[in-house]
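Chain residues, written in single-letter form:
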Amino acid sequence: MGNDTVKGSNKSLWARRERAIPRALTSLHQRFADTARNTALVDVEGREYIDFATGIAVCNTGHSDPRIVAAVKAQLDRFSHLCFQVTPYESYVELAEKLNALAPGPTPKKTIFLTTGAEALENAVKIARAHTGRRGIITFQGGYHGRTLLTMAMTGKVAPYKARFGPMPSDVFHVRFPIPYHGFGDDDALAALQATFAASIEPAAVAAIVIEPVLGEGGFYVASPYFLQSLRKLCDQHGILLICDEVQSGFARTGRLFASEYAGIEPDIMTIAKAMAGGFPISGVIGKAAIMDSPDPGGLGGTYAGSPLGCVAGLEVLKIIEGDRLCERANAIGGLIRKRLEALRSAGARFIGDVRGLGAMMAMELVVDGDPQKPDPALTKAIVADAAELGLLLLSCGIRSNVIRFLPALTASDATVNEALDRLEKVLRARMSKAA
Ligand SMILES: Cc1ncc(COP(=O)(O)O)c(C=O)c1O
């Protein structure tokens, strides 16, 4: 898969990168990509990797699926950009119709498309404020919603996302996310929410509670059905909108099209992005029609919002999820990962404190001596680096930076997943012997 157009070694490109690009924009792996197809990524030096990062949960359908590429090429031959606010096109409407029908719950839905996940969240908040006439937004500690000013304020982790970037937009309040593994359960989190209502903002002034059904950047902690159902009830009781941020958990990653389906709840608004178009930049806000129609004409939009390339890619992704049964594959792949990691833990890998996830949104939390209160971010970094040396690209995450998340393409075969896990096992076994 080598490509003659790529010049330079990883080392020389890295040196150029350091000179040309600000240090605040980091790259986890010092390896420059040449090509990527399905689960395989080849770097500029011709080394092949199994990619378990998928561009941060974007390529659920694998890299450059030929069906998506063909649809986008055909679209490019017709037009690449018009701006939906100027001259609309059918693919936008068709994708909205399809997502309205697929979103959880019986209430009729409407959808607007944007470009990035953060932009989806920004718009969800605008819509919620216009609908309720209220100011307050409640989000969760450890949650991640983006890097724009408002989504930075909504994000529940200071370093590196917020430090030195203040002042923050006002009326955003953070509540602790339930993490039983850290000794903080669902009822503790519900009590924390009540405490916020008592100490910081009255429920009648809250426009929305925004939650990731599975914390993404925060560490793949899964909100239980009980917790999401309790939030749903609380929101109904106080006229607060429930916004589920499915940017990372959506599009079959968790074994359902959307993770919030597991709780059987109907969110008032959902934000989507990442895997919805297999790598083409498009995001969206899906919501109950009456809520979505609250802002006045002209109040929502954007030049590139709902790009025609993203729309046709999105339509193709939905076909692939259904045709290739990617929800089933997500559960099968997640099962393989869970089994192998649990086995290693039982075999004495005491640093694997927790193995968790939904479908193929799996993670392991690394701690010292099996103690949940002793995170091991240094070991986490080392394992990610060692795995890359063996040809496996992984991503870390977590409130305490001690979680390795597994985000393989859902189009990966069992053989590829097992090969990736063999490589990981080698790395983990080497650490086990070091610790012994
Ligand atoms: C749950 C969640 N919401 C929002 C975002 C922001 O998306 P983007 O990086 O496309 O702005 C992310 C990105 O990781 C995310 O995981």
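Provided above is the structure to which this section pertains.
The shown structure was predicted, so the numbers you read here are calculated from the model rather than taken from an experiment.

Draft legend 1. Highlighting the overall build of the protein chain. A count of helices and strands for the protein chain gives 13 helices and 15 strands. Computed over C-alpha atoms, the radius of gyration of the protein chain comes to 21 Å, within 12% of the 22 Å expected from 2.2 N^0.38 for 436 residues, which places it in the range of a compact globule. Projected onto the principal axes, the alpha-carbon positions of the protein chain cover approximately 60 × 55 × 45 Å. In the protein chain, which comprises 436 residues, the proportion classed as buried is 56%. Of the roughly 18400 Å² that the protein chain leaves accessible, carbon and sulfur atoms contribute 54%. If you average the places of the 48 positive and of the 45 negative side-chain charges in the protein chain, the two averages end up 5 Å apart.

Draft legend 2. Examining the state of the cysteines more closely. Counted according to the given criterion, the structure contains 0 disulfides. Distance from the sulfur of Cys 59, which forms no disulfide, to the nearest cysteine sulfur (Cys 327) is 17 Å. Free of any disulfide, Cys 327 has its nearest cysteine sulfur in Cys 244, 17 Å distant.

Draft legend 3. Broad picture of the site of the ligand. By nearness alone, 13 residues border the ligand, and Gly 117, Ala 118, Asp 245, Gln 248 and Lys 274 come closest of all. At 3.1 Å, a side-chain N or O of Lys 274 approaches an oxygen atom of the ligand. Protein coverage of the free-state accessible area of the ligand, which is 390 Å², stands at 83%. Looking at the shell around the ligand element by element, the count peaks at 3 residues for helix H5 (residues 117–132). The residue makeup of the shell around the ligand, split by class, is 4 nonpolar, 5 polar and 4 charged.

Draft legend 4. Representation of the packing of aromatic side chains within the structure. Per the stated rule, a full pass over the model turns up 10 aromatic pairs. Taking 6.3 Å as the distance between ring centres and 70° as the angle between the ring planes, the aromatic pair formed by Tyr 89 and Tyr 92 counts as edge-to-face. As far as the burial class goes, Tyr 89 and Tyr 92 line up, both buried. Geometrically, the ring pair formed by Phe 140 and Phe 177 is edge-to-face, given 5.8 Å between the ring centres and 85° between the ring planes. One end of the pair, Phe 140, is in strand E5 (residues 136–141); the other, Phe 177, is in the loop between strand E6 (172–176) and helix H7 (186–199), with 37 residues separating them in the sequence. Both residues of the pair, Phe 140 and Phe 177, count as buried. One aromatic cluster is present, built from ring pairs that chain together Phe 79, Phe 84, Tyr 89, Tyr 92 and Phe 113.

Draft legend 5. Representation of the sheet that holds strand E14 (residues 395–397) within the structure. Reading across from one edge, E11-E12-E15-E14 is the order of the 4 strands in this open sheet, with antiparallel pairing throughout. What marks the edges here is a single partner per strand, and that holds for strand E11 (352–358) and E14. Across this sheet, the average inter-strand angle for adjacent strands is 30°, counted without regard to direction. Two elements, E11 and strand E12 (residues 361–366), share 6 bridges in a ladder whose sense is antiparallel. In the strand pairing of E12, Leu 358 is matched with Met 361. Docked against the sheet, helix H12 (residues 377–389) engages E12, E14 and strand E15 (403–406), running at close to 35° with respect to E15.

Draft legend 6. Representation of the pairing of E15. Burial of E15 is two-sided: the residues Val 403 and Arg 405 facing one way and the residues Ile 404 and Phe 406 facing the other way are all buried. Summarising the sheet, E12 and E15 pair through 4 bridges and their orientation is antiparallel. If you follow Ala 363 over to E15, its bridge partner there is Arg 405. Across 3 bridges, the pairing between E14 and E15 is antiparallel. In the strand pairing of E15, Ser 396 is matched with Ile 404. Between the end of E14 and the start of E15, which pair antiparallel, lie 5 residues, with Gly 398 showing a positive phi angle near 115°.

What counts as what
- Counting from 1, residues in each chain are numbered in the order their sequence is written.
- Confidence filtering applies because this is a predicted model: local features only for residues at pLDDT of at least 70, side-chain atom pairs given and counted only at 80 or more, and all residues used for totals across whole chains, interfaces and linings.
- To get the side-chain values, take all heavy atoms of the structure and skip hydrogens and water.
- By the criteria applied, helices consist of DSSP H or I runs no shorter than four residues and strands consist of E runs no shorter than two, each listed in order from the N terminus.
- As a reference, a globule follows 2.2 Å times the number of residues to the power 0.38, and the radius of gyration itself is taken over C-alpha atoms.
- Only protein chains enter the accessibility calculation, which uses a 1.4 Å probe; a residue is then buried when its area is under 20% of its type maximum, exposed when over 50%, and partly exposed in between.
- Accessible areas in this description were obtained via Shrake-Rupley with a 1.4 Å probe; residue shielding takes into account the shown protein chains only.
- Only four residue types enter the tally: Lys and Arg on the positive side, Asp and Glu on the negative side, with His and both chain ends excluded.
- Charge positions come from single atoms, namely NZ of Lys, CZ of Arg, CG of Asp or CD of Glu.
- By convention in this document, the label disulfide applies to cysteine sulfur atom pairs within 2.5 Å.
- Each residue is tested against the molecule or strand, and it is near if at least one of its non-hydrogen atoms lies within 4 Å.
- Under this definition, polar contacts are N or O atom pairs within 3.5 Å; protein pairs additionally need one hydrogen-donor-capable and one acceptor-capable atom, and for neighbouring residues in sequence, both atoms have to be side-chain atoms.
- Charged residues are taken to be Asp, Glu, Lys and Arg, nonpolar residues to be Ala, Val, Leu, Ile, Met, Phe, Trp, Tyr, Cys and Pro, and polar residues to be all remaining types, Gly included.
- When the centres of two rings from Phe, Tyr and Trp lie within 6.5 Å, Trp using its six-membered ring, the rings pair. Their planes under 30 degrees apart give stacked, over 60 give edge-to-face, and anything left gives tilted.
- Only strands that DSSP links by at least two bridges are regarded as paired with each other.
- Axes, fitted as lines to C-alpha atoms, cover a helix only where it is in contact. Angles between the N-to-C directions of the axes lie from 0 to 180 degrees.
- Contact between two residues is taken to exist if any of their heavy atoms lie within 4.5 Å; hydrogens are not considered.

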